[in-house]
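# Topology and contacts: notes
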Amino acid sequence: MRADALKEQRARRESHVTMYRKYRIGDLPDIQIKYSYIIAPLQALAQRDSTLAKMLFSALFRAIFNEVDNLKTERESTEITEQINKSLNMMLELSTQYFPPFVGCILDIAYNTPKKIKLAVAAVNTACLTSLQQLSGITLLEEMLIHQDGDGQKSSKRARLARTEVSEEMGIWIELARLYKSLGNYDVLRGIFGGKIGTQKITQNALEAEARGDYKTAADLYAQALNSDDWPSGRPQKIEEDLWEDSRLQCLDNLTTWDKLEEASSTCVDDSDPPLLDKVWDDTFYEEHYLPHIIRSKVKQLLLEGEEQSLLTFIDSAMKHSDRKALLESRYCEELALMYVFQADYDRARYYANSAMQMFLQDWGSMDSLMTSSRTSRLQSLQKMTELQEFLDFIGNEGNFSSSTYATSLVSKWCARMPDSVTDPTSIWDDIITNRCLYMDHIASKLDDQDMFQEQELTLQLAQADSAVEQNNFPVALKLLKLTRSVKKYGDSPSMIKFYQCYARTHQKRALLSNIEPDKKMQALLGSLQELEKLNVSEVLRADDGLGRRHYTLQSSAFDIMTELLQKNMDLSSFGETNAAGLVSVAASKKESVSEVISSLIEKGHTCVQQAVALGDVDGHDKHGIIEANMALVKYCDKYLRQKEEADDESPAFSCASINTFPATIITHMLKCMKLDCIDAMQRFPRLLQIVEYYPDTMKIFTEKVSEVPCWMFISWISQMVALLDKKEAFAVQAILQNIAEEYPEALIYPMKVSSKGFKFDVTTKKNKAAVDRICASLDKTDKYAGLLIDALDQFGQPNSLLYDYLGELRSMLGEKPREKAAIKQCYQEMYHKLMDYKGQSARGRTQSLYDDSQPESTMGPYRRRFAEAFAKMLDKDFGKEGEKLADMTPHEFLNKEKILRNEMDDAIKTKLKPPGNVKEYSMWMSDFSRTDSDFSLEIPGQYHGFSKPLPEYHVRIKGFDEKVKVMSSLRKPKCITIRGSDEKDHRFLVKGGEDLRQDQRIEQLFGIMNEVFAKDPACKTRHYKLRTYEVIPMNTRVGLIEWMDSTIPWREFLYSAMTEKELAFHSSDKGPHRVHNDWVWKLKTKNTDNINTVYAKMYKQYSKTDTVRSFRIKEGLVPADLSRRAFLQMSSSPEGFFTLRSHFAVSHALICVSNYIIGIGDRHLSNFMVDQETGGMIGIDFGHAFGSATQFLGVPELMPFRLTRQITNPLMPLKEKGLLESTMVHALRALRNNYELLLNTMDVFVKDQSVDWMNFAAKQLKEGMETEEAKTDSAWYPKQKVAYAQRKLRGDNPWCITRDELELGHGKKPSFNDMVKVVKGDARENIRTQLPDSGLTVEQQVASLIDQATDPNLLGRVYTGWDPYV
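Summarised in this report is the structure supplied together with it.

### Focus: the overall build of the protein
Looking only at helices and strands, the protein has 67 helices and 9 strands in total. In summary, the protein has a C-alpha radius of gyration of 36 Å against a globular reference of 34 Å for 1367 residues, a match within 12%. The dimensions of the protein, computed from C-alpha atoms along their principal axes, are 105 × 95 × 85 Å. Looking at the 1367 residues of the protein, the share that counts as buried comes to 55%. Long-range pairs, those at least 24 residues apart, make up 71% of the contacts in the protein with a sequence separation of at least 6. For the protein, the exposed area adds up to about 61,700 Å²; of that, 50% sits on carbon and sulfur atoms. Where the 176 positive side-chain charges of the protein centre and where its 194 negative ones centre are 5 Å apart.

Written out as structure tokens, the structure reads:
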């Protein structure tokens, strides 16, 4: 039956297919296929698909064009090329429809033949903007800039610009800026005008104002530039003046000042009074640049004011000319429809509305899916077109006016369908709200009730004002508030309350963000606060808890901002006499001292936000409002509590009567928000653990309130809680962990295994020990199965690497005085039992308890057994049975034996003991695992995230293991295994043995918190910033799993894959950069005792900056400069694809740079980055060196804050690090600095639960003689020191100063230290980092310093060769 249905379906499908030719298959297939057999179906496809037609024509044209040189003489070839150039330019310049596939085809041809096809940049710009092909235009213009030969040629411009000569490069840069600006990409614009082209300073200032949403300032600056005749550096070029005109008009549009927009755009066409608008048709430049603004401004004035006869006259006149009519009907259908709606000519309006929708569908179908900005921009217009259609359908049905119910229903639907307050720009908001008001007026008029929708119109306008505030467009918000002042006539109503709340919010945010004088800020705040206080007696506020909560929260916010302004100035008189008196009055302070006023303001703000929280409880209607009020109280109290905690002699703490209640308040209300599923509260939970530690009297309230919150909400912070189980504050988390152990044991089992080994209980913590025993008892069943898995995974650890770890530990112990002989023997026996005692290993499996420190009994895998058989006797001979010779061995003797042993093992691993590629060689248990084994039930690790309530019954369980194992090439030879899940899918993980993965796991958790910060920050949210994270699951302190990332490739392989065979051979030869660098460094060896550390140290003293930079440039020249660009081009199928991949790459790497700098991640060599082959995004991996350890402890210290070498910046040519990369760093770092407390809260786990590596680093620092006072009294001195460095970075300290201080901790007593510091500091004549102060940097200054240090050739030239600084 099914076969018959499929056959019938196939027959129907084939009946709709035009068959051009059938091919023989079988024993005698077709072997002679004519070109026409291929061309005919391609032609048919091209006729049906414009995108395919574009690709096909472009490919055929280029193929034919490239053969011209082979078939024609040089003269003929030149003539043909010139004619083709002329023809293609004419096609772009004379086009009126700008059909996107056609424009894209021409641009693609020019992009792929840059040396032959030269399109006029002005024509490219116009065509791309009109057809929404900006990505193609950007890649083409950038390619032109890259191929610039610098001969100073002039470009041929439009007639309007012919009188002014413009350099070709300058013209390209300006047109490139226009294209980026059309996409709203101000990040790149900053790079272009920040030094790439010689424009006026006012241009950069105006663009920066425009980028931050300050359109009023930007418009004023553009107008100032256009009206100025005083240019000390020479009059600006005409092309820059055109940019000013376009940008000013766009700013006026964003400010919704339609009268000014009409005047400015009309004057550009004709400066007579009144202007003759028909002159717009005299120049295509006017049509492209001014006509859109003229029509838009006049239509807006028509809809708002009702009188705009000049528009109607202009349109009527244009419609009498076929070419003008065609242009209006192709580009301005929506405006024409609205004009006819205003005239109540609904039939014509319907015609143009349908045409507008058809144009939208045509544009949408022709836009490349990679053009996300253009597609998003086009989609934003869909709502207003849809509502236009809804109105016309409604007004055309007379039955809708039999009752007002139908109209009310339609308007209610519109009011429930508001644009997004952040992502939808002001222009979209204004279009939608203005159109709705027009529609409602027409409906009300037909119902003979003009005031019917007056309140809805006010609500819509206030919503638009709120959106303008969100987007920092304060002039629009103030304009709308002025427009809606009529709300006062409604008296005590919800609309009036919303009006004043919007008014207060506008002035509060304006005071925080704008650059106006402090006295004006304070004046506005005091004025808005007075208006709010007048409403305190409102009956509406008492009746509506939602409005009341927002009201009192805004009052609290006003007090908070005033406090912040006062804390910055600490002088009442700086705000003026009137404002100072107002401050004292609103604070109700008994004294006029600044400290008293500040304390009173804090107290008043606290009282107001408490009033907001006190209004109502969870009633199911305003859960969001309740959460918002409670979190406002939490953040308010936490802000001033932190100020008190961080106060010192220079910044004394304030005196506030209620400050002692803040810890309990924070705990109570944050846990209440967690109970209401507030993600923000969940993220801040570690702060509660800090508060319990700092304020022990809050323990009772914490345990009471935390019992009301579902335990799954704490799963994200299991590591932080487990780390407290042997601490004095353990009681706070015992009940939580006990509940998790009972309900979600597999979420807790591995964190307990990792941390429990380090638990230390004494007489005072017996109760904690008992609690841990109870938790472990609840995990016993799970522990049995988890133990089997851990033992099996442990066998994947590379035995020689594990042995080297033990030998290194023994070497350190032998060098200590006095020597702990018992500890040495115990360490050796542990090593021997784990790696060499193949005869003593039990086959019974695991029997120990959860946190038993003894060595588990497990089955040794065949591979490890062979390794043990090969080297056990050698160890017995060198170190004695059970290490009996070790205790009396000198360090020198041990070192010699270790060296011989390492050489033997390294040779064996390369030959007879190569790591095998099948599971059976490592673990027989995994190889023989039965899918039907009902006794074994364990989830695949890594399925508990804490974002939502877990459903363990739906979690994927282990059903088997694939036999194949992939062995990685890195030093420790980690293995990739495949777990078969109960979901019938394969789940791949990287098994890392011999490593404590807690640091990697916590860093990934920090990345997750950073992503949440980016998601809430407006600038980062609109740019979709997100670090790529992956699961890291430490199973115990010696083994763990890392989520395998499919479709990724190491950065090293990615780059080398773009090399030719000849380049690869040269790169690895004696003339390659590695060998050249090594030779340059090792020339300094003068003694036999010199090693790599001493030689590199000499380099800082003996090689000057000139020597180093010259050598570095030579080595850079030995590596193809465009490797990364080549690799991305190979991944791309089109210029749009390359642009998209490159953008993802730039943004992702910039985020990695900022996040890695904050956490101090080092050792960023080429193999510690992965490239996503689907998106081009970068992913950081392997965080063995973090919190500055690569600077402090590596023998050749890393002195760069992150990796920003030539192969990272070259794909971003011609801007390189300027533009997208730098701006992304600025936005990301600003967001992290503004939310520093979230990161510091999360870092607290490093203090509470130190990993093995951190304890070793602490011991090493003490051994180097760099002991601190805290080390004598605080066992957690080392992690606290590292977190303090992260805090300095988030505070804005100069990066080179932090590098210097970290360097001093590990190398301060070495002779080369001062020379290293000199290089790190840089040269004040060339390096911006040296010119800036040691602390208190702005975000922009901090990023500039970081880039300066990361790209300094004097630093990069001295880097360890394995870091590949020249790549």
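### A look at the sheet that holds strand β7 (residues 1048-1050)
As summarised here, the arrangement of the 3 strands in space is β7-β8-β9, forming an open sheet in which the pairing is antiparallel. Every other strand in the sheet has two partners, leaving β7 and β9 (1178-1180) as the edge strands with one partner each. Adjacent strand axes in the sheet meet at a mean angle of 35°, parallel and antiparallel pairs treated alike. Bridging between β7 and strand β8 (residues 1169-1172) involves 3 bridges; their strand directions are antiparallel. Across the sheet, P1050 pairs through a bridge with M1170, a residue of β8. Helix-sheet contacts for helix α56 (residues 1135-1159) involve β8 and β9, and the interaxial angle to β9 is about 20°.

### Describing the packing of aromatic side chains
Centre distance and the angle of the planes are the two values used to describe a pair of aromatic rings. Evaluation of the coordinates by the stated rule reveals 42 aromatic pairs. Residues W414 and Y439 carry aromatic rings whose centres are separated by 5.7 Å and whose planes lie at 55° to one another, so their mutual orientation is tilted. Of this pair, W414 sits in helix α23 (residues 404-415) while Y439 sits in helix α24 (residues 426-446), and the two are 25 residues apart along the sequence. Judged by relative accessible area, Y439 falls into the buried class, the value being 0%. Every member of this aromatic cluster is reached through a ring pair, and the members are Y346, F391, W414 and Y439. Its end group placed over the ring of W364, R375 keeps NZ or CZ at 4.1 Å from the ring centre. The aromatic ring of Y1157 is capped on one face by K1289, whose charged end is 4.7 Å from the ring centroid.

### Quick word on the environment of K1087
As for its placement among the helices and strands, K1087 is situated in the loop between α52 (1073-1082) and α53 (1092-1102). Taking the C-alpha atoms as reference points, K1087 and V754, separated by 333 residues in sequence, lie 46 Å from one another.

### What to know about the packing of helix α14 (residues 258-269) against helix α16 (residues 291-305)
Helix packing geometry: the angle between the two helix axes and the distance between the axes. For the pair α14 and α16, the least separation of the axes is 8 Å and the interaxial angle reads 145°. Along this stretch, α14 crosses α16, giving a crossing that reads as left-handed. Note on element contacts: α16 touches α14 through H293, I294, R296, S297, K298, K300, Q301 and L304, opposite W258, D259, L261, E262, S265, S266 and V269.

### Some remarks on the pattern of salt bridges
If you walk through the whole model with that rule in mind, you get 82 salt bridges. The closest approach of N and O atoms between D1323 and R1325, which form a salt bridge, is 2.8 Å. Among the ionic pairs, D1348 bridges to R1329, the shortest N-O distance being 3.0 Å. Of the two residues, D1348 sits in helix α66 (residues 1339-1350) while R1329 sits in helix α65 (residues 1328-1331), which places them 19 residues apart along the sequence. R1329 matches D1348 in its accessibility class, with the two residues each being buried. One continuous salt-bridge network, built from bridges that share partners, spans D253, R296, K300, E334, K384, D430 and D431.

### What to know about unusual backbone geometry
Residue P818 is reached from K817 by a cis peptide bond, and omega for that bond is -5°. For the bond running from M1213 to P1214, omega is 10°, close enough to zero to count as cis. You can see P1214 is positioned in the loop between α58 (1206-1209) and α59 (1220-1234). One non-glycine residue, K973, adopts positive backbone phi at about 50°. In this fold, K973 is placed in the loop between β2 (966-967) and β3 (975-981).

### So, the nonpolar core
Counting 376 residues, the largest nonpolar core has L119 and M836 as its most contacted members. Element by element, the count of residues in this core is highest for α56, at 14 residues. The contacts of M836, once residues within four sequence positions are left out, are L803, M831, M860, F867, A868, F871, A872, L875 and M905. Ranked by size, the runner-up nonpolar core spans 19 residues in total, among them Y1096, L1199, M1316 and L1355.

### Some points on helix α11 (residues 201-211)
Within α11 the residues assigned to the buried category are I202, T203, Q204, A206, L207, A209 and E210. Looking one or two residues past α11, G213 carries a phi angle of roughly 85°, positive in sign.

### Examining the state of the cysteines
This structure, assessed with the given rule, holds 0 disulfides. Cysteine C268 remains unbridged, with the sulfur of C251 as its closest cysteine sulfur at 14 Å.

### A word on the pairing of strand β6 (residues 1039-1043)
Regular strands show a simple pattern: their side chains alternate between the two faces of the sheet. Of all the 5 residues making up β6, 4 are buried; the element is thus mostly covered by neighbouring parts of the structure. Inspection of the sheet shows strand β4 (residues 986-993) paired to β6 by 5 bridges, in the antiparallel sense. Bridge pairing links V991 to L1041 in β6. Pairing of strand β5 (residues 1032-1034) with β6, which is carried by 3 bridges, proceeds in the antiparallel orientation. For P1034, the partnering residue across the bridge sits in β6 and is G1040. Taking the residues that link successive antiparallel strands as the turn, the β5-β6 hairpin has 4 residues.

### Considering the pairing of β3
The element β3 is extensively covered by neighbouring structure, given that 6 of its 7 residues are classed as buried. Direction of pairing for strand β1 (residues 958-961) relative to β3: antiparallel, over a ladder of 3 bridges. Bridge pairing links I958 to G981 in β3. Here 2 bridges tie β2 to β3, and the two strands are oriented antiparallel to one another. In the strand pairing of β3, V967 is matched with K975. Linking two consecutive strands that pair antiparallel, namely β3 and β4, is a turn of 4 residues; a positive phi of about 65° is found at E984 within it.

### Structural notes on a negative patch on the surface
Taken together, the side chains of D259, E263, E305 and E307 present a region of like negative charge at the surface. Considering the arrangement of structural elements, one finds E307 in the loop between α16 and α17 (309-318). Using a relative accessible area of 66% as the deciding quantity, one classes E307 as exposed.

### Thoughts on α14
Owing to its 3.6 residues per turn, the α-helix brings residues three or four apart onto one side. Taking 1.5 Å per residue, 12 residues should reach 16 Å; α14 reaches 17 Å between its end C-alpha atoms and fits that length. For α14, the set of buried residues is W258, L261, E262, A264, S265, S266, C268 and V269. Where α14 is buried, its residues meet α13 (238-254), α15 (284-289), α16 and α24.

### Things to note about a nonpolar patch on the surface
Taken together, the side chains of I33, I38, L42 and L45 define a hydrophobic patch exposed on the protein surface, amounting to about 330 Å² of accessible area. Positionally, I38 belongs in helix α2 (residues 35-48). Residue classification places I38 among the partly exposed residues on the basis of a relative accessible area of 46%.

About the cut-offs
Residues numbered from 1 in each chain as written. Predicted model: local features only at pLDDT ≥ 70, side-chain atom pairs only at ≥ 80, totals over all residues. Heavy atoms only, no water. Helix = DSSP H or I, 4+ residues; strand = E, 2+ residues; numbered from the N terminus. Rg over C-alpha atoms; globule rule 2.2 N^0.38 Å. Buried < 20%, exposed > 50% of the residue type's maximum accessible area, 1.4 Å probe, protein only. Contact = heavy atoms within 4.5 Å. Areas by Shrake-Rupley, 256 points an atom, 1.4 Å probe, with all protein chains shown as cover. Lys, Arg positive; Asp, Glu negative; His and termini not counted. Charge placed at Lys NZ, Arg CZ, Asp CG, Glu CD. Pairing = 2+ DSSP bridges. Axes fitted to C-alpha atoms, helices over the stretch in contact; angles between N-to-C directions. Phe/Tyr/Trp six-rings, centres within 6.5 Å; stacked < 30°, edge-to-face > 60°. Lys NZ or Arg CZ within 6 Å of the ring centre and 35° of its normal. Left-handed = near helix turned anticlockwise from the far one by under 90°. Salt bridge = Lys/Arg side-chain N within 4 Å of Asp/Glu carboxyl O. Core = buried A, V, L, I, M, F, W, Y, C linked by side-chain atoms within 4.5 Å. Disulfide = S-S within 2.5 Å. Patch = residues over 30% accessible without salt bridge, like charges linked within 9 Å, V, L, I, M, F, W, Y side chains within 5 Å. Expected span 1.5 Å × (residues − 1).

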